[in-house]
Every structure is written in structure tokens, then in C-alpha cells.
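# Summary of structural features
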Amino acid sequence: MSSAGGLADLFMASAREEEVASRGPPPVELVKADEFDLVTAQAVDEEMTRLTDDVLRALETMVGRLEAMERKVVRLGRTVVELKQTDNLQQSEKLRRLKELTKESYKVVGGVQELRERHEQLVLGDLKLELLLKKTQKTQKKISTPAQKQIEPPPPAPVQ
């Protein structure tokens, strides 16, 4: 039972501590200045002043760095916008050039097709001329062959 009594005492002590903690810190008793060591008070005051100044300088440095970072972010944002605009202009220029090249390629294809047709017509015309020339030559040979027979003098008459 001694252990149960010990737990109860421990629980009661814990409850008292919580009650004291819930009331807040104990009131600070004002101490007369002559009880403090004047040198210690000045040292504490100087140290607090030095630490406060260090903290303020650190904060000013941080503020300066944050402002510099903010300016850089703004510049980066502007640069990104400019790059996007430049990229858009370049893309639109590329699209325009691509369209022009496409139109030109269609014109070239059309011109090549026209040249092929003309070449085929010329080849067909040459073939027709060649065929006509051959027909003409055959006709001339046929005409000249019977004509040569007529032109030839008749065979000499038999001598009697």
C-alpha cells in the first residue's frame, strides 16, 4: 500500500504544480537599486544593447537582401515576359515563313508539272514528226520505186 500512497502523493504534487502554473508566473518583487550591484546592472544593460543592435543589424541586412531578391524576381519576371513575347514573335515569323515556303513549293510543283506536260507534248510532237517523216520516206520510196521502173529505158529489142 505504500506504493499506492506514493502514487497518490505524486499525483497531488503534480496537481499543485499545475495549479501554480495555471495562475501564471509569480509576481516579481521589486528590488531596490542599492541591492543590485551597479556594475553588473550596467554590464547587463550594455550586453542587452549590444545584442539588440546586432539583432537590428541582422534584420536590416535581411530586409536589404529580401528587397534585392524582390528586385531580381521582378527583373526575372520582366525577362520571362520579354522572352515569351520574343518567342511568340519568332514563332509567328517562322509560321509566316513556313506558309510562304509552302506556297512557293506548291508553285514549284505546279511549274514542274507544267514542264513535264510540255516535255511530254514535245516528245509526242517529236515522235509524231518522226513517224510522219518515216511515213513520208516510205511513201517516197514507194512512189520512187515505180517511177524508177518507168524511167528506166525499155530493154533493148532483140536483134534479129
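Everything discussed here concerns the structure shown above.
Note that this is a predicted model, so its numbers are computed, not measured.

### Focus on the pattern of salt bridges
- For the structure on display, the rule yields eight salt bridges.
- Put simply, arginine 96 and glutamate 93 hold a salt bridge, and the shortest N to O gap is 2.3 Å. Here arginine 96 and its partner glutamate 93 are both found in helix α2 (residues 38–151), three residues apart, which amounts to about one turn of the helix.
- Among the residues examined, arginine 96 registers a relative accessible area of 38% and is labelled partly exposed.
- Owing to a relative accessible area of 28%, glutamate 93 belongs among the partly exposed residues under this scheme.
- A salt bridge links arginine 97 to glutamate 93; its shortest N-O distance comes to 3.2 Å. Of this pair, arginine 97 and glutamate 93 both sit in helix α2, four residues apart, which is roughly one turn of that helix.
- Residue arginine 97 is classed as partly exposed on the basis of its relative accessible area of 49%.
- When salt bridges with common partners are traced through the structure, they connect Glu47, Arg50, Asp54 and Arg57 into a single cluster.

### A word on a nonpolar patch on the surface
- A cluster of nonpolar residues, Val55, Leu56, Leu59 and Met62, forms a patch on the protein surface that exposes about 370 Å² of accessible area.
- Assignment of secondary structure puts methionine 62 in helix α2.

Calculation notes
- Residues numbered from 1 in each chain as written.
- Predicted model: local features only at pLDDT ≥ 70, side-chain atom pairs only at ≥ 80, totals over all residues.
- Heavy atoms only, no water.
- Salt bridge = Lys/Arg side-chain N within 4 Å of Asp/Glu carboxyl O.
- Helix = DSSP H or I, 4+ residues; strand = E, 2+ residues; numbered from the N terminus.
- Buried < 20%, exposed > 50% of the residue type's maximum accessible area, 1.4 Å probe, protein only.
- Patch = residues over 30% accessible without salt bridge, like charges linked within 9 Å, V, L, I, M, F, W, Y side chains within 5 Å.
- Areas by Shrake-Rupley, 256 points an atom, 1.4 Å probe, with all protein chains shown as cover.

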